[in-house]
Amino acid sequence: MKTKLAFFLTIPMVFLLCSCTPPETSNNNESLSSTDSIGSEEDQVLRVVQPYDPGTFEPGNNDEQSYNRIMVQIYDTLTRFDKNGELIPWLAESWEMIDDTHWQFNLKKDVKFSDGSDFTAEDVIWTLQYEIENNIPNSHFNMIDINECSVIDDTTCIIGLKYPCVTLPNHLANSQCVIGCKSAYESSGGDYLGGAVVGTGAYKLVEYTQGDMIKLTANEHYWNSESGKPYIKNIEMRIIDSADAKATEAKTGQYDIVIGVNAREYDNIDNTPGMHMEIAPTSKTVYLLLNCNKAPMDNPLVREAFARSIDAETTVNLAYGKVGVAAEAFITPGVLGSNSETYQKYFGTGYDIEKAKSLLAEAGYADGVDLEITVEAPDEQRCDMAEAIQAQVADAGINLSINKMEYAPLREYMSAGNHQICINAFTASTMEADGFLSQIQPGSDALNRVGYDNQKFFDLYQEGCATIDKEQRGKVWEDCLEMLMKDYVVIPLNHQQMYVAVNDRIEGFWIPQGYEELYYEDFSINTES
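Because the structure is a prediction, the values reported are computed rather than measured.

Among the residues of helix 8 (residues 312-320), A312, T315, V316, A319 and Y320 are the ones counted as buried. The arc that holds every buried residue of helix 8, seen down its axis, measures 100 degrees, which confines them to one face. Residues of helix 8 that are exposed and angled more than 90 degrees away from the buried face: E313 and L318. Looking at the buried residues of helix 8, the elements they touch are strand 14 (275-290), helix 11 (380-394) and strand 18 (490-503).

For the coordinates displayed, the defined rule picks out 22 salt bridges. The closest approach of N and O atoms between D76 and R80, which form a salt bridge, is 3.9 Å. A single burial state applies to D76 and to R80, both of which are buried. Between K357 and E354 there is a salt bridge whose closest N-O contact spans 3.9 Å. Here E354 and K357 lie together in helix 10 (residues 353-362), a separation of 3 residues that amounts to about one turn. We classify E354 as exposed; its relative accessible area is 56%.

Ordered in space as 6-7-9-8, the 4 strands form an open sheet in which the pairing is antiparallel. Looking at which strands have only one partner, the edges of the open sheet turn out to be strand 6 (92-99) and strand 8 (150-153). The sheet shows a mean angle of 25 degrees between the axes of neighbouring strands, direction not considered. Relative to the sheet, helix 2 (residues 121-133) contacts strand 7 (102-107), strand 8 and strand 9 (156-160), its axis offset from that of strand 9 by approximately 20 degrees.

The next point concerns the pairing of strand 11 (residues 213-218). Within strand 11, 5 of the 6 residues are buried, which leaves it mostly tucked inside the rest of the structure. As defined by bridge partners, strand 10 (residues 203-209) adjoins strand 11 across 6 bridges and the pair is classed as antiparallel. Its bridge partner lying in strand 11, L205 is registered against L216. Counting the residues in the hairpin turn of strand 10 and strand 11 gives 3 residues, including G211, whose phi is positive at 80 degrees. Inspection of the sheet shows strand 11 paired to strand 12 (residues 234-239) by 5 bridges, in the antiparallel sense.

This brings us to the packing of aromatic side chains. Under the definition given, this model contains 28 aromatic pairs. Relative to Y488, the ring of F347 lies with its centre 5.6 Å away and its plane at 80 degrees, an arrangement referred to as edge-to-face. Note that F347 is positioned in helix 9 (residues 340-347) and Y488 in the loop between helix 16 (470-486) and strand 18, a separation of 141 residues in sequence. Summarising the burial analysis for this pair, F347 and Y488 share the class buried. Connected via pairs of aromatic rings, a cluster forms that spans W126, Y130, Y185 and Y192. Over the face of the ring belonging to W90 we find R80, whose NZ or CZ atom lies 3.8 Å from the ring centre. Sitting over the ring of Y519, R80 keeps its end group 3.6 Å from the ring centre.

Bringing the packing of helix 9 against helix 16 into the picture now. At a minimum axis distance of 10 Å, the contact between helix 9 and helix 16 shows a crossing angle of 10 degrees. Taken as axis vectors, helix 9 and helix 16 run roughly parallel relative to one another. Where helix 9 approaches helix 16, its residues T342, Y343, K345, Y346 and F347 are matched on the opposing element by E482, M485 and K486. For the contact of helix 9 with helix 16, the class distribution of residues is 4 nonpolar, 1 polar and 3 charged.

Considering every residue of the protein chain, the mean pLDDT works out to 91; 92% of them sit at 70 or more. Contacts of residues 4-22 to residues separated by more than four positions or lying in other chains number 47 contacts, the stretch itself having pLDDT below 50. Considering only residues more than four positions removed or in separate chains, one finds that residues 26-39, a stretch of pLDDT under 50, has 34 contacts.

What follows concerns the side chain of N291. Topologically, N291 is positioned in the loop between strand 14 and helix 7 (300-308). Here H419 takes part through its backbone oxygen, which lies 2.9 Å from a polar atom of the side chain of N291.

What follows deals with the state of the cysteines. Taken as a whole and judged by the stated rule, the model has 0 disulfides. Note on C292: no disulfide assigned, nearest cysteine sulfur contributed by C422 at a separation of 12 Å. Note on C292: relative accessible area 11%, which makes it buried. Between C480, a free cysteine, and C465, which holds the nearest cysteine sulfur, the sulfur-to-sulfur gap is 8.3 Å.

Here the focus is helix 11. Spanning 15 residues, helix 11 covers 22 Å between terminal C-alpha atoms, matching the ideal 21 Å at 1.5 Å per step. With respect to burial, helix 11 is a largely interior element, 11 of its 15 residues being buried. All of the buried residues in helix 11 are E380, Q381, R382, C383, D384, M385, A386, A388, I389, Q392 and V393. Its side-chain oxygen at 3.2 Å from the backbone nitrogen of Q381, D379 defines the N-terminal cap of helix 11.

As a further point, take the side chain of E521. Note that E521 resides in the loop between strand 19 (506-507) and strand 20 (524-525). According to the relative accessible area criterion, E521 is buried, its value standing at 2%. When near neighbours in sequence (up to four residues on either side) are disregarded, E521 contacts R80, W90, A202, Y203, Y222, N224, K229, P230 and Y231.

About the thresholds
- Residues numbered from 1 in each chain as written.
- Predicted model: local features only at pLDDT ≥ 70, side-chain atom pairs only at ≥ 80, totals over all residues.
- Heavy atoms only, no water.
- Buried < 20%, exposed > 50% of the residue type's maximum accessible area, 1.4 Å probe, protein only.
- Helix = DSSP H or I, 4+ residues; strand = E, 2+ residues; numbered from the N terminus.
- Arc of directions from axis to C-beta.
- Contact = heavy atoms within 4.5 Å.
- Salt bridge = Lys/Arg side-chain N within 4 Å of Asp/Glu carboxyl O.
- Pairing = 2+ DSSP bridges.
- Axes fitted to C-alpha atoms, helices over the stretch in contact; angles between N-to-C directions.
- Phe/Tyr/Trp six-rings, centres within 6.5 Å; stacked < 30°, edge-to-face > 60°.
- Lys NZ or Arg CZ within 6 Å of the ring centre and 35° of its normal.
- Parallel < 35°, antiparallel > 145°, perpendicular 65-115°, else oblique.
- Nonpolar A, V, L, I, M, F, W, Y, C, P; charged D, E, K, R; others polar.
- pLDDT = per-residue confidence, 0-100.
- Polar contact = N/O pair within 3.5 Å; in protein donor to acceptor, adjacent residues only side chain to side chain.
- Disulfide = S-S within 2.5 Å.
- Expected span 1.5 Å × (residues − 1).

Spelled out as structure tokens, the structure:
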């Protein structure tokens, strides 16, 4: 077995004072380039298969991790989590909380965008303003009061908040919070398939063939280039949705990195000559979301009955096999606020059909009830879980139909609150529970995925945001999560591990725990392999 298992520590936040030629775009499919990737440094190509067609290269456009995994190659965030899970400076070299609702960020000097223009504090504040005023669904910016944000000078800005949030620097490390280029946006007329795609990241966009291929090349103005990065100068990202098709491509050995393969093919890929599987824990948990605003899930008895009808461990093992980690807490263990004892209090009894039947009868459904679960069609593992759950809940008198949808319409369907039940995931990317909790607060479209309109819950969340003492803050996060468990709003299923097929010639591969970004600038090719 060649699998490489990476372990990353979750380390708490440390407060530190601490014109462009548009890339080619096309709607015509074209075949993978045959350029030999073993050659001079300039000729080397990192070949990636990834499961998401972006449609745009707009910073922060959505919270899908596969989308932001592309964006973080082109754009940068103010902060970043390193290999050890420690928050480190990135575009910001230091920051400090100057009062309860204002933070000062001091930016790195002499940073340039890929078009050669200067990166300044104006770009930071403009990015915040652009996303907030255009209602881009970035939950990490929901707390920001744009009217209280200001530019002090080229390398200093103030970010004002609607309420105190001591974890703001952690939020800004999320790859959805990348910083765009104001001048490129304005000069291109906001063309995020062309001239506006200008960032400070290690790479820049060369070509985009919708539904097929993204080509990047090294940013010659990259501020971190003294380290020799990016080590691989060119990237070709092939877009393939199907997990089975991705597994097939991985076994050909023609690609360097294949993301999102079918978990059932794990061992087959790991035993393929020249390939191996990399796996690491993440801060993501896959959940059943029970829409409290959609009848009959608006009845807490029905929600609890559904929870009692499910054998989560069997479901996860069936769908994910050896890479599955059946939930043992509401959020990933090790994230601040995770408490396995509280989880056991509400979900520890597990599969209890008689209790489920009793709860349904009490709710007025003694003869059973018809429900629908919505799931992303290309995600084989989630579809497998839906089918397993469908069989399990039938014993309690629940007739569960499965609604499989492609990702884009699914996202709209969930965000509009049209579903009764869906399988979805949330990531605690701040390495604290607020990374998850912030996504179901007022102003976030994800709130409609759970429909949990509870002012006490919202107030308690803000209390945690304002709590400086880490231990006390963790207790508040635990109380917030217990409210969700007590009301059976969300059912934890699987603590997600990220597993990636990697060519043996790739060196320096690692998986960040926070938001499953892959920083291609860190990888290199061993030409002797």
